[in-house]
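Coordinate inspection notes
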Amino acid sequence: MKRTRKKLLRLLSFLMNLTRIRLPVDLDCKHTKVEDGNLKRAREDLQNRVDILRKQSESFDDKGPIIDAVVWHDGEVWRVAVDTQSLEDDPDCGKLANFEPLTNYRIERKFGVFSKLDACTFVVNVYDEGKILSIVTDSSPHATHVAGIATAFHPKESLLNGVAPGAQLISCKIGDSRLGSMETGTGLTRALIAAVEHKCDLINMSYGEPTLLPDYGRFVDLVNEVVNKHRLIFVSSAGNSGPALSTVGAPGGTTSSIIGVGAYVSPAMAAGAHCVVEPPSEGLEYTWSSRGPTADGDLGVCVSAPGGAVAPVPTWTLQRRMLMNGTSMASPSACGGIALLLSAMKAEHIPVSPYSLRKALENTAVHVGGMAEDKLTTGQGLMQVDKAYEYIQKSRNVPCVWYQIKINQSGKSSPTSRGIYLREASACQHCTEWTVQVEPKFHEDASNLEELVPFEECIELHSSEKAVLRAPDYLLLTHNGRSFNIVVDPTNLGDGLHYFELFGVDCKAPWRGPLFRIPITITKPMAVVNRPPLVSFSRMPFQPGHIERRFIEVPLGASWVEAMIQISGFDTTRRFFVDAVQICPLQRPKKWESVVTFSSAGTKRFAFPVVGGRTMELAIAQFWSSGIGSHETTNVEFEVVFHGIDINRGEVLLDGSEAPTRIDAEALLASEKLVPAALLNKIRTPYRPIESKLSALATNRDKLPSGEQILALTLIYKFKLEDAAEIKPQIPLLNNRIYDTKFESQFYMISDTNKRIYAIGDVYPKSSKLPKGEYNLQLYLRHDNVQYLEKLKQLVLFIDRKLEEKDVIRLSFFSQPDGPVTGSGSFKSSVLVPGIKEAIYLGPPSKDKLPKNSPQGSVLLGAISYGKLSCGGQEGGKNPQKNPVSYQLSYIVPPNKLDEDKGKGSSSTGTKTVSERLEEEVRDVKIKIFSTLKQDSDEERLEWKKFASSLKSEYPKYTPLLAKVLEGLLCQSNVADKIRHDEEVIDAANEVIGSIDKDELAKAFSLKTDPEDEEAEKFKKKMETTRDQLAEALYQKGLALADIESLEGEKASALASSKDAKDVDKTHDQSQSDSGVQPDFFEENFKELQRWVDVKSSKYGTLLVLRERRSGRLGTALKALNDIIQDDGGPPKKKHYELKLSLLDEIGWSHLATYERQWMHVRFPASLPLF
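Scoring rules and cut-offs
Residues numbered from 1 in each chain as written. Predicted model: local features only at pLDDT ≥ 70, side-chain atom pairs only at ≥ 80, totals over all residues. Heavy atoms only, no water. Pairing = 2+ DSSP bridges. Helix = DSSP H or I, 4+ residues; strand = E, 2+ residues; numbered from the N terminus. Axes fitted to C-alpha atoms, helices over the stretch in contact; angles between N-to-C directions. Parallel < 35°, antiparallel > 145°, perpendicular 65-115°, else oblique. Left-handed = near helix turned anticlockwise from the far one by under 90°. Contact = heavy atoms within 4.5 Å. Nonpolar A, V, L, I, M, F, W, Y, C, P; charged D, E, K, R; others polar. Buried < 20%, exposed > 50% of the residue type's maximum accessible area, 1.4 Å probe, protein only. Phe/Tyr/Trp six-rings, centres within 6.5 Å; stacked < 30°, edge-to-face > 60°. Lys NZ or Arg CZ within 6 Å of the ring centre and 35° of its normal. Patch = residues over 30% accessible without salt bridge, like charges linked within 9 Å, V, L, I, M, F, W, Y side chains within 5 Å. Areas by Shrake-Rupley, 256 points an atom, 1.4 Å probe, with all protein chains shown as cover. Salt bridge = Lys/Arg side-chain N within 4 Å of Asp/Glu carboxyl O. Expected span 1.5 Å × (residues − 1). pLDDT = per-residue confidence, 0-100. Core = buried A, V, L, I, M, F, W, Y, C linked by side-chain atoms within 4.5 Å. Lys, Arg positive; Asp, Glu negative; His and termini not counted. Charge placed at Lys NZ, Arg CZ, Asp CG, Glu CD.

The subject of this paragraph is the sheet that holds strand E15 (residues 402-409). Taken in spatial order, the four strands line up as E15-E17-E21-E19 in an open sheet, and their pairing is antiparallel. Since the sheet does not close on itself, it has two edges, and those belong to E15 and strand E19 (469-470), each with one partner. Pairing of strand E17 (residues 432-441) with strand E21 (residues 482-488) involves seven bridges; the strand directions are antiparallel. Within E21, the position partnered with Thr432 by the bridge is Val488.

Here helix H2 (residues 37-58) crosses helix H25 (residues 1114-1128) at 50°, and the two axes come no closer than 7 Å. By the angle class used here, H2 and H25 are oblique. Our pair here, H2 against H25, has a crossing hand that is left-handed. Contacts between H2 and H25 involve Glu44, Asp45, Asn48, Arg49, Ile52 and Lys55 from the former and Leu1114, Gly1115, Thr1116, Leu1118, Lys1119, Asn1122 and Gln1126 from the latter. Considered class by class, the residues forming the contact of H2 with H25 number three nonpolar, five polar and five charged.

One open sheet holds the five strands; their spatial order is E32-E34-E49-E46-E47, and the pairing between them is antiparallel. The sheet is open, and its two borders are formed by strand E32 (646-647) and strand E47 (826-827), each paired with just one other strand. Where E32 meets strand E34 (residues 661-666), two bridges bridge the pair, whose relative direction is antiparallel. By the bridge assignment, Asp646 is partnered in E34 with Glu666.

Moving on: the environment of Glu1017. Its location among the elements puts Glu1017 in helix H21 (residues 1014-1056). Residue classification places Glu1017 among the partly exposed positions, given a relative accessible area of 23%. Sequence separation between Glu1017 and Phe947 is 70 residues; the distance between their C-alpha atoms is 34 Å. Setting aside anything within four residues of it in sequence, one finds Glu1017 in contact with Thr1009, Asp1010 and Pro1011.

This model, assessed by the stated rule, comprises 26 aromatic pairs. Taking the centre distance of 6.2 Å and the plane angle of 55° together, the rings of Tyr687 and Phe719 count as tilted. Remark: Phe719 occurs in strand E38 (residues 711-721) and Tyr687 occurs in strand E36 (residues 677-687); sequence separation between them is 32 residues. Geometry around Phe623 places Arg575 over its ring, the cationic atom sitting 4.7 Å from the centre. The ring of Phe798 carries the charged tip of Arg684 above its face, separated from the ring centre by 5.3 Å.

Turning our eyes to something else, we now look at unusual backbone geometry. In this structure, the amide linkage connecting Gly242 to the following residue, Pro243, adopts the cis form with an omega of 15°. Here Pro243 lies in the loop between strand E9 (233-237) and strand E10 (259-265). With an omega dihedral of -5°, the bond running from Gly292 to Pro293 counts as a cis peptide bond. Residue placement: Pro293 occurs in the loop between strand E11 (284-285) and strand E12 (303-306). Although it is not a glycine, Lys755 sits at a positive phi angle of roughly 75°. Structurally, Lys755 is set in the loop between strand E40 (745-752) and strand E41 (757-761).

Now for the pairing of strand E26 (residues 560-568). The element E26 is extensively covered by neighbouring structure, given that seven of its nine residues are classed as buried. Bridge count for E26 against strand E29 (residues 602-609) is eight bridges, and the pairing is antiparallel. Bridge pairing in E29 places Trp560 opposite Pro609. In the sheet, E26 pairs with strand E31 (residues 634-643) via nine bridges, with the strands oriented antiparallel. Its bridge partner lying in E31, Ser568 is registered against Asn635.

Here Ser333 shows up in helix H8 (residues 327-347). Beyond its immediate sequence surroundings of up to four residues, Ser333 is in contact with Ile149, Val163, Ala305 and Pro306.

The next thing to look at is a nonpolar patch on the surface. On the surface, Val70, Trp72 and Leu96 cluster together into a nonpolar patch covering about 220 Å² of accessible area. In this fold, Leu96 is placed in the loop between strand E2 (78-83) and helix H3 (105-108). For Leu96, a relative accessible area of 34% gives the class partly exposed.

We now examine helix H27 (residues 1150-1163). Under the 1.5 Å per step criterion, the end-to-end length of H27 is 20 Å for 14 residues, consistent within 8% with the ideal 20 Å. Considered for burial, the residues of H27 that qualify are His1151, Leu1152, Ala1153, Tyr1155, Glu1156, Trp1159, Met1160 and Arg1163.

What follows is about the pattern of salt bridges. Tallying each qualifying case throughout the model produces 61 salt bridges. Of the charged contacts in the structure, one is a salt bridge between Arg517 and Glu501, with a shortest N-O distance of 3.9 Å. Taken together, the residues span a long stretch of sequence, with Arg517 in strand E23 (residues 514-524) and Glu501 in strand E22 (residues 496-506) at a distance of 16 residues. The residues Arg517 and Glu501 share a single accessibility class, namely buried. With a shortest N-O distance of 3.3 Å, Lys1140 and Glu1156 are connected by a salt bridge. Here the residue Lys1140 occupies a position in helix H26 (residues 1134-1147), and Glu1156 occupies one in helix H27, the gap between them amounting to 16 residues. What makes Lys1140 buried here is its relative accessible area of 11%. With a relative accessible area of 5%, Glu1156 lands in the buried category. Because the salt bridges share partners, they merge into one network encompassing Arg190, Arg218, Asp702, Glu744, Arg782 and Asp784.

Turning our attention to the confidence of the model for the protein. With 93% of its residues at a pLDDT of 70 or more, the protein has an overall mean of 90. Counting contacts from residues 18-22, a segment whose pLDDT is below 50, to residues more than four positions away or on other chains yields six contacts. Counting contacts from residues 900-906, a segment whose pLDDT is below 50, to residues more than four positions away or on other chains yields two contacts.

Bringing helix H18 (residues 959-970) into the picture now. When the terminal C-alpha atoms of H18 are compared, their 17 Å separation across twelve residues agrees well with the 16 Å that a helix rising 1.5 Å per residue should span. Those residues of H18 that fall on the buried side of the exposure criterion are Thr959, Leu961, Leu962, Ala963, Val965, Leu966, Gly968 and Leu969.

Our next topic: the nonpolar core. With 58 residues, the main nonpolar core has Leu1030, Leu1089, Leu1103, Val1105, Leu1118, Leu1143 and Trp1149 as its most contacted residues. Leu202, Val276, Ala334 and Ile338 belong to the second-largest nonpolar core, a separate cluster that totals 40 residues.

Further remarks concern a negative patch on the surface. On the surface, Asp1010, Glu1012, Asp1013, Glu1014 and Glu1015 cluster together into a negatively charged patch. Relative to the assigned elements, Glu1012 resides in the loop between helix H20 (998-1006) and H21. Overall, Glu1012 belongs to the exposed group, its relative accessible area being 69%.

Moving on: the environment of Glu1000. Of note, Glu1000 is situated in helix H20. Spatially, the C-alpha atom of Glu1000 lies 38 Å from that of Lys720, the residues being 280 residues apart in sequence.

And the structure:
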């Protein structure tokens, strides 16, 4: 649609261009020598018009159409009508009068279509008694595809139906289109509220993120309430970050109350949906499907379901269906199957419980793969709806119980986990004892007497491998729970992955299967004993879908890896996933990944950072469909070499002093080349909010199921950019956490003084390029706990500003502590020998290299690195961020140096008496107070005029005072008589002009001054100030003269159209004949201004535009105005664009005027958008 609009504008400009081009040509034919000044200016004006049209067509930028919406109440419901005529290519389509009014979608389930060109459907919702209109449309085809898998209904083509075609949907949009469909805390919470409000049975959520802490956070707390209290069944995708272990995402793979689903591909799916040459012989998990366990040992994946489908997509994609795959598709497939089970349970009056239904799914799933550790990939297996239904029927009288597992290592109260995960080498070298607490959890509405008191189960405990896992044989479990100890002995296990389970079975009803499972995952790493530390894996055979996992204890002192993969023995193209994962406490899994494709035998190399002393999983997988039509086995050689330079400090902080920072470097593994590099490339400035507002959100969509109203805290920060820059806001407390945070939501908007939005973000702030100017950043936080929000009213926010390449500071290293001062002992590189430390000094940046606008207390940020790749291929190590591993470098900006001239009395001051100096000080204070007076009311304006008259009589001809009087007149608003006000401005400007000796001023600027002569420099600055005051007075006088001329012209036009038009004309003619030729005060004033300043500059250029307009040279006027707008650099000024619109209307370029009027809504919005 944007292409269509662009073509239309270019066509109109082309047609206008054709008519304009003839005029300069005709002018050249009539006047072969255009020497007359007026003719030259006329030709220049016409040429400017042609250039403007051409440039406009080339620089077309479409911010989208303007749509008008009308909201009203028809006595029963709120109605909405939308005018989409601007979207249609047919002028008779999209008219407001022809639009069928919509109401909230849930009421009538009607939707609209923006236009035939875009085929984009939308629905509406009206909130807050008609004050908020929400127009809802897609962020992507993803949700429609997901919904189609679960519930699509095609009565005439049943083969196209979803899994549960009879299910009814409630669509809750959690992805924000402003963030590219990223989910927000606000969207997630409102979706849960809506699900409870509309009494949903089942939730599908095909979204997720990596997490810092599993089964933790505000959203997890709300989900637990929804599941445990309201009995909703929550299904979600496990993630697409495989094939490495511990890659399940939140919330689907990390939350106990959510059924996390992995993605399975069957032979039939491979043949039908993916169109492979030869389907696999048996089903398998997609290569990219995320794997467990979680960081606290839980299995991660609950069950698996088909992870790909050809399903419906929105109309605007211009197709009916498409193939998508991912755990996003597996989740609705499982959800549809669960919907079938729920339908049957309701039909047979079987109590619906997420607890019993999950147990049925897990205990009837078909195991995928032949090894115990395959459960980390597929969960309990591929879900079976028919078997689950039979299980539910059989267990209809069994109590609805969820068995919560809490595990602690004996003797330790924390951390508490949901499974046992022995990953590090130290944990695999001896036996460990663990305390397991099993707590039966009932739904909140369970009866104490009828369900809790009678509950008692005799449970038989089974270990999948008693040589490794020893536990009691039996457990008597009551409602209050029970704890027992188990022993895990990994000492006799070989290197690699091992998975075991301890599960409990009801002695009285063993057919129920495991009531609870305790997963035990052991990844016993191999030690690296070679020096240099090299590990190689030879001749690993691969078939499609095959995964090889190697667990390596990264040697202490290693900080990066250089790896090589070499493959051979194949015919068709092969695609491999290579993942490396490490887990560190209270951090997201550290993952490096690469996808490599080989069309022939070859070698590829990688380098990535590692953490010494932690286990690294190296996962190599041949993509499930790669080489699937070939029967050749691929041979893979993989080599890993560890490198590292051990440093006595991680992040380096320079305190702002002249002293260098000492860094001790040591190679612990093998000889390494020490090639340090450091740079500072951005500046971080802290800000406190200038305003905070805490309020309760009024609508029901922000009221939690518990009845508590959500509160919103809005913080406003103000910052200024002296030049255009790339900035990024940072909130360390809140950033980079969506699910694993106790705060519900965060959202920010950056706007200029015109309320135009330049940047929007949430937990993952992004860099944005902003022009120079003043900005407001509004930060929006939500929670139902007022105490939490009260603590954040003074939340510190950082603005990171990226330095331009010319301002980037590259720091120097020295071998001597005095090197930064003496300039001697520069350090470039050396070879570190194992066991021998070497000290170097990092010098601080030179004070004259600090970027401008770096206030005291701000921090310069950058990176520092110490090594380089052994195989080279880097930019000489100059940029530490491109080296294999780098660390953060910070420099605290010190106080500015004192002004050496401060406190020194000038000779001119010294020659004045005390009384003269006192009189000047009193005068300046009076003027300062005068400049602060307000003029909002008539009384204040009258008081201002009296004070101005008093000061002018007391200090006549004092230019700074007269300039302040003129400034005060210009600040007046709501002026009733504009002509009289303009005349007052002219009088005030004349007073300023009359107070200045222009001959002396001109003489001062004609003489050159000695920069070393302080008195001459001060006199020069004084004259420059006077010149600026004169220019400002002339400029404002010119504007006032032009305004009077315009207003009188409008007045004369109005009178000419009245009944007495003839009399007015006679009077006008008589006055002209009596007075003769009137002097052109505007032109005289303009020429005087031209003597002192560049009238083409953005500061005074408006007067040049008005002059050209008075002369009828509208093309030249428009060009001058465009130059002003382009050169201004700051946020757009509304007066410039209003003047541009009037010029376009006057020229008759209606198509450009329409284009600019649409842009006015973007440049100067009436208000800020809602959060």
